[in-house]
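# Structural features, examined
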Amino acid sequence: MRYSAYNDQIKKEIYDKYSLIAGIDEVGRGPLAGPVVTCAVIMKKNSNIDGVTDSKKLKRHKMLELKEKILEDALAVSYGYANSKKIDEINIRQATLLAMKMAVENLEITPEILLIDAERIDSNIPQLNIVKGDLNEYAISCASILAKVCRDDIMINFSKIYSGYSFETNVGYGTKKHYEAIDNYGITPIHRLSFLKKYYAKQESFL
């Protein structure tokens with residue numbers, strides 16, 4: 001079921017009916033390099049951490065602070081991943097759904113309902129896909145923050161392996177410096193070839 005507006009009444013109905021509510025979100029659909037990372041988290045029902053919101057609205061130092069608080073209040077946390085090869089193989093949306101399903105299935109506690117940011121996955125567990133869920137639903141916001149910190153850490157580690165691409169700052173997104181690095185050094189094993197076709201077509205050098 002899809003809600004275009006997730007209001008207080010709908011939220012009350014969900015939280016009155018269910019105790020084990022999993023929020024699921026993804027990070028990394030748009031970058032040219034690196035994996036898409038998802039997180040599923042079941043928070044304590046009385047959890048209400050100040051400052052939790054969509055990870056896109058937060059600086060890294062704040063997310064690191066919130067991550068520790070979220071983990072303290074979490075009943076269960078799990079992550080899912082799809083690397084650049086899988087993204088090229090099945091496309092970014094399908095890779096995202098696969099990673100979301102992975103995160104849910106790896107939870108140590110089986111949730112009673114899944115609240116997902118604007119997507120629906122293959123699962124027998126009841127689920128709601130909520131437009132702007134990472135902004136409007138607390139559990140999804142928590143998942144958004146955990147997934148973002150996890151993916152940023154992955155890209156920081158990749159920057160130590162593939163120097164010159166500034167992965168520690170652009171986390172794989174197509175910045176001017178990133179494209180310049182591709183021109184100068186070529187692509188790496190973590191680049192998404194399917195995301196670079198248009199760029200190479202413009203450069204008339206796609207292999």
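Residues numbered from 1 in each chain as written. Predicted model: local features only at pLDDT ≥ 70, side-chain atom pairs only at ≥ 80, totals over all residues. Heavy atoms only, no water.

The protein chain carries the name Ribonuclease HII in an unreviewed UniProt entry, which gives Anaerococcus octavius as its organism. Per UniProt, the comment on the protein chain under Function (unreviewed entry) is "Endonuclease that specifically degrades the RNA of RNA-DNA hybrids." Regarding the protein chain, the UniProt comment filed under Catalytic activity (unreviewed entry) reads as follows: "Endonucleolytic cleavage to 5'-phosphomonoester." (UniProt positions renumbered as here; feature names shortened; annotations may be inferred.)

## Considering the domain arrangement of the protein chain
Segmentation of the protein chain into domains returns domain 1 (8-156) and domain 2 (167-205). Placing a centre on the C-alpha atoms of domain 1 and another on those of domain 2 gives a separation of 27 Å. Taken together, the contacts link 18 residues of domain 1 with 17 residues of domain 2. Of all residues in domain 1, Leu32, Asp88 and Met155 give up the largest surface area on contact with domain 2, accounting jointly for 46% of the area buried on that side. (Domains from an automatic or database assignment. Contact = heavy atoms within 4.5 Å. Buried area = accessible area lost by both parts, 1.4 Å probe.)

## Considering the nonpolar core
Grouped together as the largest cluster of nonpolar side chains are 20 residues, with contacts concentrated most on Val41, Met43, Val52 and Ile70. When contributions to this core are tallied by element, the ones reaching two or more residues are strand 3 (36-43), helix 2 (60-73) and helix 6 (138-161). Beyond its immediate stretch of four places on either side in the chain, valine 41 contacts Ile21, Ala22, Gly23, Ala74, Ala76, Val77, Ala139, Cys142, Ala143 and Leu146. Counting residues in each nonpolar core, the second largest holds 14 residues, with Ile42, Ala103, Leu107 and Ile121 among its members. (Core = buried A, V, L, I, M, F, W, Y, C linked by side-chain atoms within 4.5 Å. Buried < 20%, exposed > 50% of the residue type's maximum accessible area, 1.4 Å probe, protein only. Helix = DSSP H or I, 4+ residues; strand = E, 2+ residues; numbered from the N terminus.)

## Overview of the side chain of histidine 178
Tracing the backbone through its elements, the reader meets histidine 178 in helix 8 (residues 176-185). Of the residues examined, histidine 178 reaches a relative accessible area of 0% and is grouped as buried. Among the polar contacts listed, one links the side chain of histidine 178 to the backbone oxygen of tyrosine 173, at a separation of 2.7 Å. With near-sequence residues (within four places) excluded, histidine 178 lies in contact with Leu32, Ala33, Tyr165, Phe167, Asn170, Gly172, Tyr173 and His191. (Polar contact = N/O pair within 3.5 Å; in protein donor to acceptor, adjacent residues only side chain to side chain.)

## Observations concerning the UniProt feature "binding site: a divalent metal cation" (unreviewed entry) in the protein chain
In the numbering used here, UniProt assigns the "binding site: a divalent metal cation" (unreviewed entry) feature to Asp25, Glu26 and Asp117. These annotated residues cover 93 residues of sequence, and their C-alpha atoms all fall within 8.0 Å of one another, placing them together at a single site. With respect to the element layout, aspartate 25 can be found in strand 2 (residues 21-27). Among all residues touching aspartate 25, those that are not within four sequence positions of it are Val37, Thr38, Cys39, Met100, Asp117, Asp134, Ile140, Ala143, Ser144 and Ala147. Along the chain, the position of glutamate 26 falls in strand 2.

## Structural notes on helix 4 (residues 92-105)
Residues three or four positions apart in an α-helix share a direction because the helix packs 3.6 residues into each turn. Over its 14 residues, helix 4 extends 20 Å from the first C-alpha to the last, a length consistent with the 20 Å expected when each residue adds 1.5 Å. Of all the residues in helix 4, the buried ones are Ile92, Ala95, Thr96, Leu97, Ala99, Met100, Ala103 and Val104. (Expected span 1.5 Å × (residues − 1).)

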